[in-house]
Amino acid sequence: MFESLAWVPENFSMPDSMLRLVISTVLLVFAIVILRTLTARFIRRNVASSELRGRLLVNSRNGFLLLGILGMALIWGDQIRSLALSIVAIAVAFVVATKELILCISGAILKSGAGSFNLGDRIQVKDFRGDVIDQTLLATTVLEVGPGKTGHQRTGRMIVIPNALFVSEPVINESFTDHWDFHVFTVPFKREDDWQAAQTALLEAANRHCAPYLESVRKYMNKVGVSRGLEVPSVDPRVTIQAPLASEIHLTVRLPAKSGQRSYIEQAILSEVFANADFSSKKTRPADEND
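Residues numbered from 1 in each chain as written. Predicted model: local features only at pLDDT ≥ 70, side-chain atom pairs only at ≥ 80, totals over all residues. Heavy atoms only, no water.

Some thoughts on the overall build of the protein chain
Line of reasoning, step 1. Broken down by element type, the protein chain carries 8 helices and 8 strands.
Line of reasoning, step 2. Out of the 291 residues belonging to the protein chain, those deemed buried represent 30%.
Line of reasoning, step 3. Partitioning the contacts of the protein chain with sequence separation of at least 6, the portion at a separation of at least 24 is 61%.
Line of reasoning, step 4. Of the roughly 19800 Å² that the protein chain leaves accessible, carbon and sulfur atoms contribute 61%. (Helix = DSSP H or I, 4+ residues; strand = E, 2+ residues; numbered from the N terminus. Buried < 20%, exposed > 50% of the residue type's maximum accessible area, 1.4 Å probe, protein only. Contact = heavy atoms within 4.5 Å. Areas by Shrake-Rupley, 256 points an atom, 1.4 Å probe, with all protein chains shown as cover.)

Here it is, written out as structure tokens:
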């Protein structure tokens, strides 16, 4: 029997502080067991009512259990405090080491809970813009669209966006509805150009291209407005004027377009308008400058 304990080091000894804690724990348990036994015996002998006797037995048992827990907490308080500090330190180190992963998971929960976008939507986060093709717990994959923020051609590049960005950055969803979108593009002119004629030509071309489906768009947008409680703006094409610089006039065209065909209708309108007219200024030089 003693040979089985040969693995115990000869110089092994329990620290005095730990030995005192163990002895105190054993004495506490022993005292609580004796007191509970004596209390239960007293209740069974002196309480005649079975209902009251059962209630007192249960209450005394729970009371001694609570007393034992409090006694253990008092005896092992310092060790429990040290263990708690160690656990907190480990937890802090874990959080610091996995901060980005935690932010990615938080971003996934945030965008799912808010319903920011779905597969197939065109989104923009910071300088990243494209069509969503995949979503995971850590990242969102988009096919890049460009060039810039106004282009609508796929560049052929795939962008993997960490979900952590959705926690700190706003998400622009360009796919407001499932079938129809409002498309906006800008045509710049010099102030001396014939931009009035260009404004008329752009509006006529936009009305002509949108006429086949304009009534369908109007019905669909009214339905979306009722279901979402929104006041849907007019769906009729319009051309507004902007003057970002003293020497320039920008014509901003806004029109409804089918999802996925915004670039097509923009190119069709621009090709038609600029193929039929030249709006640039062609002023001749004064004769005295050639002398």
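Further notes follow.
Describing the sheet that holds strand β2 (residues 128–135)
Line of reasoning, step 1. On the basis of which strands lie adjacent, the open sheet formed by 5 strands has the order β4-β3-β2-β1-β5 and antiparallel pairing. Because the sheet does not close on itself, it has two edges, and the strands there are β4 (153–162) and β5 (172–173).
Line of reasoning, step 2. Sheet topology places strand β1 (residues 122–125) next to β5; 2 bridges connect them, and they run antiparallel. Bridged to Ile123 within β5 is Asn173. (Pairing = 2+ DSSP bridges.)

Notes on a nonpolar patch on the surface
Line of reasoning, step 1. A contiguous nonpolar patch, built from Leu101, Ile105, Ile109, Leu137 and Leu138 and spanning about 450 Å² of accessible area, is present on the exposed surface.
Line of reasoning, step 2. Here Leu138 shows up in the loop between β2 and β3 (139–146). (Patch = residues over 30% accessible without salt bridge, like charges linked within 9 Å, V, L, I, M, F, W, Y side chains within 5 Å. Salt bridge = Lys/Arg side-chain N within 4 Å of Asp/Glu carboxyl O.)

Some words on unusual backbone geometry
Line of reasoning, step 1. The phi torsion at Lys126 lies on the positive side, around 55 degrees, for a residue other than glycine.
Line of reasoning, step 2. Mapping Lys126 onto the fold places it in the loop between β1 and β2.

Quick notes on the sheet that holds strand β7 (residues 238–242)
Line of reasoning, step 1. Spatially, 3 strands are ordered β6-β8-β7 in an open sheet, and the strand pairing comes out antiparallel. On the outer flanks of this sheet lie β6 (180–190) and β7, each paired with one strand and no other. Here the average twist between neighbouring strands, direction ignored, is 25 degrees.
Line of reasoning, step 2. Where β7 lies against strand β8 (residues 248–258), 5 bridges are found, and the strand directions are antiparallel. Looking at β8, one finds that Ile241 is bridged to Leu251.
Line of reasoning, step 3. Running over the sheet, helix α6 (residues 195–210) touches β6, β7 and β8 and is turned about 5 degrees from β8.
Line of reasoning, step 4. Packing against the sheet, helix α8 (residues 262–276) makes contact with β6 and β8, and its axis sits at approximately 35 degrees to β6. (Axes fitted to C-alpha atoms, helices over the stretch in contact; angles between N-to-C directions.)

A look at the pattern of salt bridges
Line of reasoning, step 1. All told, the structure shown has 6 salt bridges when counted by the stated rule.
Line of reasoning, step 2. Among the salt bridges present, the one from Asp131 reaches Arg122, with a minimum N-O distance of 2.7 Å. Like Arg122, Asp131 is buried.
Line of reasoning, step 3. Arg208 is paired through a salt bridge with Glu272; the nearest N and O atoms lie 2.1 Å apart. Taken as a pair, Arg208 in helix α6 and Glu272 in helix α8 lie far apart in primary sequence, 64 residues in all.

Things to note about the pairing of β1
Line of reasoning, step 1. Alternating residues of β1 divide into Arg122 and Gln124 and Ile123 and Val125, and every residue in both groups is buried.
Line of reasoning, step 2. Here β1 folds back onto β2, and the loop between the two strands holds 2 residues, one of which, Lys126, carries a positive phi near 55 degrees.

Some details on the confidence of the model for the protein chain
Line of reasoning, step 1. Here the protein chain averages 81 in pLDDT, while 88% of its residues score no lower than 70.
Line of reasoning, step 2. Taken as a whole, residues 1–8 scores under 50 in pLDDT and shows 0 contacts with residues more than four places along the chain or in a different chain.
Line of reasoning, step 3. Note that residues 283–291 has pLDDT below 50 and, in this model, 2 contacts with residues that lie over four places away or in other chains. (pLDDT = per-residue confidence, 0-100.)

Structural notes on the nonpolar core
Generally speaking, soluble globular proteins have nonpolar side chains that are buried together.
Line of reasoning, step 1. In terms of nonpolar packing, the biggest core is built from 28 residues, with Phe185, Phe189, Leu202, Leu251, Leu255, Ile265 and Ile269 touching the most fellow members.
Line of reasoning, step 2. The biggest single contributor to this core is α6, with 6 residues.
Line of reasoning, step 3. Other than its neighbours up to four places away in sequence, Phe185 contacts Leu251, Thr252, Val253, Leu255, Glu266, Ile269 and Leu270.
Line of reasoning, step 4. Formed by 9 residues, the second largest nonpolar core is a distinct cluster that contains Ile123, Val132, Val142 and Phe166. (Core = buried A, V, L, I, M, F, W, Y, C linked by side-chain atoms within 4.5 Å.)

Comments concerning the packing of α6 against α8
If you want to describe how two helices pack, look at the angle between their axes and the distance between the axes.
Line of reasoning, step 1. α8 packs onto α6 with a crossing angle of 135 degrees between their chain directions and a minimal axis gap of 9 Å. In terms of orientation, α6 lies oblique with respect to α8. Crossing geometry of α6 relative to α8 is assigned as right-handed. Judged by residue contacts, Ala201, Leu202, Ala205, Ala206, Arg208, His209 and Cys210 of α6 engage Ile265, Ala268, Ile269, Leu270, Glu272 and Val273 from α8.
Line of reasoning, step 2. Looking at the contact of α6 with α8 residue by residue, the class counts come to 10 nonpolar, 1 polar and 2 charged. (Parallel < 35°, antiparallel > 145°, perpendicular 65-115°, else oblique. Left-handed = near helix turned anticlockwise from the far one by under 90°. Nonpolar A, V, L, I, M, F, W, Y, C, P; charged D, E, K, R; others polar.)

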